[in-house]
Amino acid sequence: MILRRLAGVLFWLSLLVVAWLVVMPQESLPSVKLWDKAAHTLAFLGLMLLCGIAYRQQLKLSTLVLLLFAFGVAIEIVQYLLPHRQFSLLDMAANSLGILAALPLMMPIERLLRIQTT
């Protein structure tokens, strides 16, 4: 129970950080020595793992996937509307790849951490 709550807090904090980074001007972003699409994939992989651990008891995994996918689409739409950012289908694809890459890791992590899913 404590692990789920911690994962929930980390998920929402991470989601807020991602949302904040989305609206920042490109030149104000911290320099990351990682290919941009890999950073998107890793960020959404982490978000999906935290979200799954925190909320899998309350919502179906498919619902969590769809909600996180919708967030990935929404942030690209927000970037389209900002004059200092740009919309990217490749970013959406990288976000989706991160979500999908997290799925086969969910059960082993739950077993390792002895998290009950029912």
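Some details on the pattern of salt bridges
Here is step 1 of the chain: Per the counting criterion, the structure on display carries two salt bridges.
Here is step 2 of the chain: The partner of K37 in a salt bridge is D36, with the nearest N and O atoms 2.9 Å apart.
Here is step 3 of the chain: Take K37: its relative accessible area is 17%, and that puts it in the buried class.
Here is step 4 of the chain: Overall, the relative accessible area of 38% leaves D36 in the partly exposed class.
Here is step 5 of the chain: Note that K37 and D91 form a salt bridge whose closest N and O atoms lie 2.6 Å from each other.

Regarding helix α2 (residues 36–55)
Here is step 1 of the chain: Look at α2: 28 Å from first C-alpha to last across 20 residues, which is about the 28 Å you get at 1.5 Å a residue.
Here is step 2 of the chain: The complete set of buried residues in α2 reads K37, H40, T41, F44, L45, L47, M48, L49, C51, G52, I53 and A54.

Quick notes on the nonpolar core
Here is step 1 of the chain: Core analysis: the biggest nonpolar cluster contains 18 residues, and F44, L47, M48, L68 and F71 have the highest contact counts within it.
Here is step 2 of the chain: For this core, the secondary-structure elements that each account for two or more residues are α1 (2–23), α2, α3 (61–81) and α4 (89–112).
Here is step 3 of the chain: Top contributing element to this core by residue count: α2, with six residues.
Here is step 4 of the chain: Residues in contact with F44, not counting those within four places in the same chain, are L68, F71, G72, I75, N95, G98 and I99.

Thresholds, definitions, all that
Residues numbered from 1 in each chain as written. Predicted model: local features only at pLDDT ≥ 70, side-chain atom pairs only at ≥ 80, totals over all residues. Heavy atoms only, no water. Salt bridge = Lys/Arg side-chain N within 4 Å of Asp/Glu carboxyl O. Buried < 20%, exposed > 50% of the residue type's maximum accessible area, 1.4 Å probe, protein only. Helix = DSSP H or I, 4+ residues; strand = E, 2+ residues; numbered from the N terminus. Expected span 1.5 Å × (residues − 1). Core = buried A, V, L, I, M, F, W, Y, C linked by side-chain atoms within 4.5 Å. Contact = heavy atoms within 4.5 Å.

None of this, on its own, says anything about what the molecule does.
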